[in-house]
Amino acid sequence: METIIKKINIDGFSREDLKEAALFIREGKLVAFPTETVYGLGGNAYDSTASARIYAAKGRPSDNPLIVHISEFSEIGPLVKNVPDVARALSDRFWPGPLTMILEKSDRIPKETTGGLDTVAIRMPSHPIANMLIREAGVPIAAPSANASGRPSTTKAEHVIEDLSGRIDMIIDGGSSDIGLESTIVDLTVSPALILRPGYITLEMLREVIPDIEYDKAVLKRIKDDTIVAKAPGMKYRHYAPKGELTIYEGDISRVSEAIRTSAEEKLRAGHTVGILTSDELLGSYSELRSIYQEEHTGCDVCPDTGSTEPDADKKGMLYIKDIGSRENESEIAAGLFDALRYFDEVKAEYIYAESFTEGGIGQAIMNRLMKAAGYHIITV
Ligand code: AMP
Ligand code: MG
């Protein structure tokens, strides 16, 4: 299948620019589009065939439900059995934005869209291209993250092209997703309400509207424990995983960088390709390793001395370091995380080491994704 790539400037576009994409959605075709969280792979949420095509394009297990996207609150009516007051309150506060609500579904939404469940996940994105696309399509758009199942979510059109080109009808390139992590998911069908997936909207923010909201147990687990049953179906699948073996180190920050240096050096000496996911604060502590194991053509974006940007993925025993920002700036870390995991695949890193981040606020979402990417492999030093 030929995939049309359509570039749209977020700062200046018209309805006309989205006409073909909207028509595609109405026709049951698939269109990947930017949102403020990550890119979505969209299809008509009312069309069971379109939903089936989404699962097929991603290689996603069909019991992992899709999030249905709307452009204004009134569009929620046909999707659900009833609209509880708390949904309206959350919408007033956080929509449009990176929050997904789970409600009892109506009969209008086919089970193919909800992975066989009687509930439906709904979100109203704030990204102007996403909003206009939904409005123009005139139907709610079912859209999971636009990545191949199991890979890190996509925050740029180039990532979507990498994973889905030839498998879907159109990719709208609207630049980078600002937030870079998927939406916070809250289940409003249980009491108290539960956070099934942490995101940019934090527990503290949600408690201002729902004082007794809690994390689902599976969100907080730090070890791979299959006895804790995942509430959100998607939580049980392997996620975000880079191809290399990712290990997270936690503890006192200077001991963390020392442990990472030791582990990295051991693998480098043995001729392996190693990646280090670092913050601005720890970058300096790897300078000696860099001077030994990075050559001019590593193209690592933190080698100020090389100027090269093309990684040489076939050379063994190389060190690639990705600095995703300051530990003080959680939004920056969140925005760079998936991009970094994809970068380590590109350079064929066999072993990847990452520091851990604090678990309050958005840090909860960052650590949730990082822990899954590492298969819960975390070492305390
Ligand atoms: P993605 O769009 O790839 O970020 O994944 C969407 C996630 O939303 C799924 O993996 C599910 O965990 C969650 N989800 C969607 N619909 C429901 C639902 N009805 N009940 C519980 N979780 C849901
Ligand atoms: Mg996903």
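Look up a bit, the structure's there.
Let me sum up the structure you'll find in this document. (Residues numbered from 1 in each chain as written. Chains lettered and ligands numbered in written order. Predicted model: local features only at pLDDT ≥ 70, side-chain atom pairs only at ≥ 80, totals over all residues. Heavy atoms only, no water.)

### Some remarks on the overall build of the protein
Check the secondary structure of the protein and you find 12 helices and 16 strands. Here the C-alpha radius of gyration of the protein, 21 Å, is about what a compact globule of 381 residues would show, namely 21 Å. Principal-axis analysis of the C-alpha atoms places the extent of the protein at approximately 60 × 45 × 35 Å. Among the 381 residues that make up the protein, the fraction classed as buried is 58%. When contacts within the protein are restricted to residue pairs at least 6 apart in sequence, long-range pairs at least 24 apart make up 70% of them. About 15500 Å² of surface is accessible on the protein, with carbon and sulfur atoms providing 48% of the total. For the protein, the distance from the average site of its 43 positive side-chain charges to the average site of its 59 negative ones is 5 Å. (Helix = DSSP H or I, 4+ residues; strand = E, 2+ residues; numbered from the N terminus. Rg over C-alpha atoms; globule rule 2.2 N^0.38 Å. Buried < 20%, exposed > 50% of the residue type's maximum accessible area, 1.4 Å probe, protein only. Contact = heavy atoms within 4.5 Å. Areas by Shrake-Rupley, 256 points an atom, 1.4 Å probe, with all protein chains shown as cover. Lys, Arg positive; Asp, Glu negative; His and termini not counted. Charge placed at Lys NZ, Arg CZ, Asp CG, Glu CD.)

### Quick word on the site of ligand 1
Neighbouring ligand 1 are 20 residues, the closest being R60, N64, T119, P144 and R197. One of the side-chain N or O atoms of N64 is found 2.7 Å from an oxygen atom in ligand 1. Interatomic distance of 3.0 Å between a side-chain N/O atom of S145 and an oxygen atom of ligand 1. The set of elements that each furnish at least two residues to the shell around ligand 1 consists of β6 (119-123) and β10 (194-197). With three residues, β6 is the single largest residue contributor to the shell around ligand 1. Looking at the shell around ligand 1 residue by residue, the classes come out as 13 nonpolar, four polar and three charged. (Near = heavy atom within 4 Å. Polar contact = N/O pair within 3.5 Å; in protein donor to acceptor, adjacent residues only side chain to side chain. Nonpolar A, V, L, I, M, F, W, Y, C, P; charged D, E, K, R; others polar.)

### A few points about the nonpolar core
Counting residues in hydrophobic clusters, the biggest one holds 44 residues, and the most contacted among them are L41, L90, W95, I122, V186, L188 and L206. Counting only elements with at least two residues in this core, the list comes to α2 (48-58), α3 (85-94), β5 (99-104), β6, α5 (157-164) and α6 (203-207). Those residues in contact with L206, other than ones at most four positions away along the chain, are L90, F94, L99, T184, V186, I195, I201 and I213. Among the nonpolar cores identified, the runner-up in size contains 32 residues, and Y343, V347, I352 and L370 belong to it. (Core = buried A, V, L, I, M, F, W, Y, C linked by side-chain atoms within 4.5 Å.)

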